[in-house]
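# Working through the structure, step by step
Next come the chains, spelled out residue by residue.
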Amino acid sequence: NNLESIPADQQGSFSSFLKTLASFTGDLSSLTCPSFLLAPISLLEYSSFWADQPALLSSISVHDNPEDRFYAAIKWFISSLNGSFSSRVPKGEWEKKPFNPILGEQFFCSWDDETQITCEQVSHHPPVSGFYIENKKSGVSVIGHDGQKTRFSGTQMMVDQVGYCLVKLTHHNESYLFTLPSLSVNGIWYAAPYVELYGTSYVQSSTGFHAAIEYSTKGWISGELHHFKATINSESLSGPTIIEGQWTAKSTLTKHKEKTEYFLDLTNLVKPEPIVKAVSEQGALESRKIWQKVSNALRAGDYMTASAEKSLIENQQRAARKERAETNQTWEPTYFKAAPGNHSYGDLREKILAKSDSKFVDTMGDGAWLYK
């Protein structure tokens, strides 16, 4: 229980926030969150966690057969889940809510191994972030987008991630389509929120490999937090391969009737620091520049200033939206363009639909955001 650590000037807004939550129906993204529950980071920057372990991403292409490349792609995906939903939370802290990115917001970073990422908020209603990651040297790229549909159920917030990501290997002329897991935010009542994944995400490769990755929370099936089980099938396999363990820690791989082998241990992996330009050198639409005053206030524990600065940004956005509506202007992203989904992933979605069962929840939407 974390309630005694709530700042005195925030206790009122926390209890009214809980009351609103309890009776709230519909999408929660419009709900104002008390400042002390905010993280000093924009949700757009979370897209960079897809490359939380850039070496695992670029090494997908080094394997010399499609089966091993597929396992390597799963390994990268599991590491990106850990980066997105677990390892980014500082030790001893709880999950906090990132800022809702403004329309057209941008985030760029790179890593020492020449991996780089471009993120842009391509839609505000509904909120959607587009991202493109590339490591030219290894011929690996990732294009995708992610939006959230949030609802409240009992004591937890349920978030369906709408979108997908597509990994392309230019050296092998291969691609892999990944759907996104759903997540729940628990512990809100105690001001000690944490994220757990649930449901199933699917992977389909152009080489015929298919994986269903099931997530289970504590108390279900495995009795351990952050559990996943990936079942991999292909006509080229004599039987399913199972990869199982924790998406935050260790997992093993068992091929058809063969002995179980080590797969991934995230507890031993150091997270390489992404390289981001200093705020003073950033453009007006870059995340850390936009939110600088709010972030600084939050880090200093000055929640009144944080709320005031955040309201300023939100009011400017409302005014800009109103002006666009009055002058009939259509806003266009700088780095991405909207296209039908199959322009991005071809027939891979059809293959997922053909192999999926009643558990399949299609959160891919019909569209794609292509990198210009």
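Residues numbered from 1 in each chain as written. Predicted model: local features only at pLDDT ≥ 70, side-chain atom pairs only at ≥ 80, totals over all residues. Heavy atoms only, no water.

## A few points about the pattern of salt bridges
Here the structure, examined in full by the defined rule, presents 11 salt bridges. Ionic pairing is found between arginine 288 and glutamate 45, a salt bridge with its closest N-O pair at 2.6 Å. Taken as a pair, arginine 288 in helix α4 (residues 287-290) and glutamate 45 in the loop between β1 (38-42) and α2 (54-58) lie far apart in primary sequence, 243 residues in all. For glutamate 45, a relative accessible area of 9% corresponds to the buried category. One salt bridge connects lysine 351 with aspartate 347, and the closest N-O pair in it is separated by 3.7 Å. Classification of lysine 351 by relative accessible area gives partly exposed; the value is 30%. (Salt bridge = Lys/Arg side-chain N within 4 Å of Asp/Glu carboxyl O. Helix = DSSP H or I, 4+ residues; strand = E, 2+ residues; numbered from the N terminus. Buried < 20%, exposed > 50% of the residue type's maximum accessible area, 1.4 Å probe, protein only.)

## Some points on helix α8 (residues 348-355)
All of the buried residues in α8 are Leu348, Arg349 and Ile352. An end-on view of α8 places all buried positions within 100 degrees of arc, on one side of the element. Buried-residue contacts for α8 involve β7 (156-169), β8 (174-179), β10 (194-205) and α7 (342-345). (Arc of directions from axis to C-beta. Contact = heavy atoms within 4.5 Å.)

## A look at the packing of aromatic side chains
Within the structure shown, the criterion is met by 14 aromatic pairs. Here the aromatic rings of tryptophan 76 and phenylalanine 178 are separated by 5.5 Å at their centres, their planes lie at 85 degrees, and the arrangement is edge-to-face. Here tryptophan 76 is found in helix α3 (residues 66-85), whereas its partner phenylalanine 178 is found in strand β8, with 102 residues between them in sequence. Each of the two residues, tryptophan 76 as well as phenylalanine 178, counts as buried. Between tyrosine 164 and tyrosine 345, the ring centres sit 5.0 Å apart and the planes meet at 80 degrees, which makes this aromatic pair edge-to-face. Here tyrosine 164 is found in strand β7, whereas its partner tyrosine 345 is found in helix α7, with 181 residues between them in sequence. There is no split in this pair, since tyrosine 164 and tyrosine 345 are both buried. Above the ring of phenylalanine 263, the side-chain terminus of lysine 75 is found at 4.9 Å from the ring centroid. (Phe/Tyr/Trp six-rings, centres within 6.5 Å; stacked < 30°, edge-to-face > 60°. Lys NZ or Arg CZ within 6 Å of the ring centre and 35° of its normal.)

## Focus on the nonpolar core
If you look at the biggest cluster of nonpolar residues, it comprises 55 residues, and the most contacted ones within it are Phe70, Ile74, Trp76, Val167, Phe178, Ile232 and Ile243. In terms of residues, this core owes the most to one element, α3, which gives 10 residues. Every residue in contact with valine 167, bar those within four places of it in the chain, is listed here: Ile60, Trp76, Val140, Ser141, Val142, Glu174, Ser175, Tyr176 and Phe178. By size, the runner-up hydrophobic cluster in this structure holds 19 residues, among which are Tyr164, Leu177, Ile352 and Trp369. (Core = buried A, V, L, I, M, F, W, Y, C linked by side-chain atoms within 4.5 Å.)

## Section: the packing of helix α5 (residues 292-299) against helix α6 (residues 303-326)
Between α5 and α6, whose axes approach to 8 Å, the crossing angle comes to 165 degrees. Classified by the interaxial angle, the pair formed by α5 and α6 is roughly antiparallel. Helix-helix and strand crossings are classified by hand; for α5 and α6 the assignment is left-handed. Two secondary-structure elements touch here, α5 through Lys293, Val294, Ala297 and Leu298 and α6 through Tyr303, Thr305, Ala306, Glu309, Lys310 and Ile313. Class assignment for the residues of the contact of α5 with α6 results in 6 nonpolar, 1 polar and 3 charged. (Axes fitted to C-alpha atoms, helices over the stretch in contact; angles between N-to-C directions. Parallel < 35°, antiparallel > 145°, perpendicular 65-115°, else oblique. Left-handed = near helix turned anticlockwise from the far one by under 90°. Nonpolar A, V, L, I, M, F, W, Y, C, P; charged D, E, K, R; others polar.)

## Let's talk about the environment of histidine 210
On the secondary structure map, histidine 210 appears in strand β11 (residues 210-216). Taking the relative accessible area as the measure of exposure, histidine 210 reaches 7% and is therefore buried. Those residues in contact with histidine 210 that sit more than four places away from it in its chain are Phe70, Tyr202, Val203, Gln204, Thr231, Ile232, Asn233 and Lys355.

## Concerning the pairing of β11
Of all 7 residues making up β11, 6 are buried, and the element is well covered by its neighbours. Bridging between β10 and β11 involves 6 bridges; their strand directions are antiparallel. Looking across to β11, one finds that glycine 199 is bridged to tyrosine 215. Hairpin connection between β10 and β11: a loop of 4 residues separates the two successive antiparallel strands, and glycine 208 in this loop has a positive phi of roughly 100 degrees. (Pairing = 2+ DSSP bridges.)

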